[in-house]
Amino acid sequence: MESHQILSVELGKLLQQRHQTLATAESCTGGGISAAVTDIAGSSAWFDRTFVTYSNEAKMEMLGVQAKTLETHGAVSEPVVIEMVQGTLTNSNATIAVSVSGIAGPGGGTPDKPVGTVCFCFTDNTGWLKVTTEHFSGDRAGVREQAVEFALKTLCDYLGERS
């Protein structure tokens, strides 16, 4: 948890320096990314909102994820997180966004998508797009913690490279 606080403080500084505002779309993390950033005093200056879209219906209604994409690829897939992050930017005042969908466990895994599989998409209003699928280990809490840390670190790394 301490690493989340350090990363969130760094992320806030980088966002403020670049006059950027963050929004998130979260499924398996259940708002964990937004909780980490809003634990930082003054985060309202650089954090706009989160969409906790745990169900497929929420993904479609709140973010505009297409039913066909969900049917074809499943909720835990790169095509779905791409549509989630695009919907996040469209439906917020943010300039940069992250989306996440995964299988935290203990159930729900398959041979193709085992427990610990988490898909991420990052984008901003300049056209940057990063899509990745990561495989984390551990129990449900551990997978979720690692997913939050990965999202925060990836955003910090990207913004830090743009100095």
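See the structure printed just above.
The structure contained in this document is the topic of the report that follows. What you see is a predicted model; the values in this text were computed from it and never measured.

**Observations concerning the overall build of the chain**
Here is step 1: When helices and strands are tallied, the chain shows six helices and five strands.
Here is step 2: Taken against the 2.2 N^0.38 rule, which gives 15 Å for 163 residues, the C-alpha radius of gyration of the chain at 15 Å falls within 12% of a compact globule.
Here is step 3: In terms of overall dimensions, the chain has C-alpha extents of about 45 × 30 × 25 Å along its principal axes.
Here is step 4: Counting every position in the chain, which comprises 163 residues, the buried fraction comes to 48%.

**Comments concerning the sheet that holds strand β1 (residues 22–26)**
Here is step 1: Taken in spatial order, the five strands make up an open sheet running β2-β1-β3-β4-β5, and their pairing is mixed. Each edge of the open sheet is held by one strand with a lone partner, namely β2 (47–52) and β5 (129–135). Neighbour-to-neighbour, the strand axes of the sheet open up by a mean angle of 15 degrees, direction not taken into account.
Here is step 2: Inspection of the sheet shows β1 paired to strand β3 (residues 96–102) by five bridges, in the parallel sense. The partner of Ala25 across the bridge, within β3, is Ser99.
Here is step 3: Against the sheet, helix α5 (residues 78–90) makes contact with β1, β2, β3, β4 (117–124) and β5, and its axis sits at roughly 145 degrees relative to β3, the strand it touches most.

So, how was this worked out
- Residues numbered from 1 in each chain as written.
- Predicted model: local features only at pLDDT ≥ 70, side-chain atom pairs only at ≥ 80, totals over all residues.
- Heavy atoms only, no water.
- Helix = DSSP H or I, 4+ residues; strand = E, 2+ residues; numbered from the N terminus.
- Rg over C-alpha atoms; globule rule 2.2 N^0.38 Å.
- Buried < 20%, exposed > 50% of the residue type's maximum accessible area, 1.4 Å probe, protein only.
- Pairing = 2+ DSSP bridges.
- Axes fitted to C-alpha atoms, helices over the stretch in contact; angles between N-to-C directions.
- Contact = heavy atoms within 4.5 Å.

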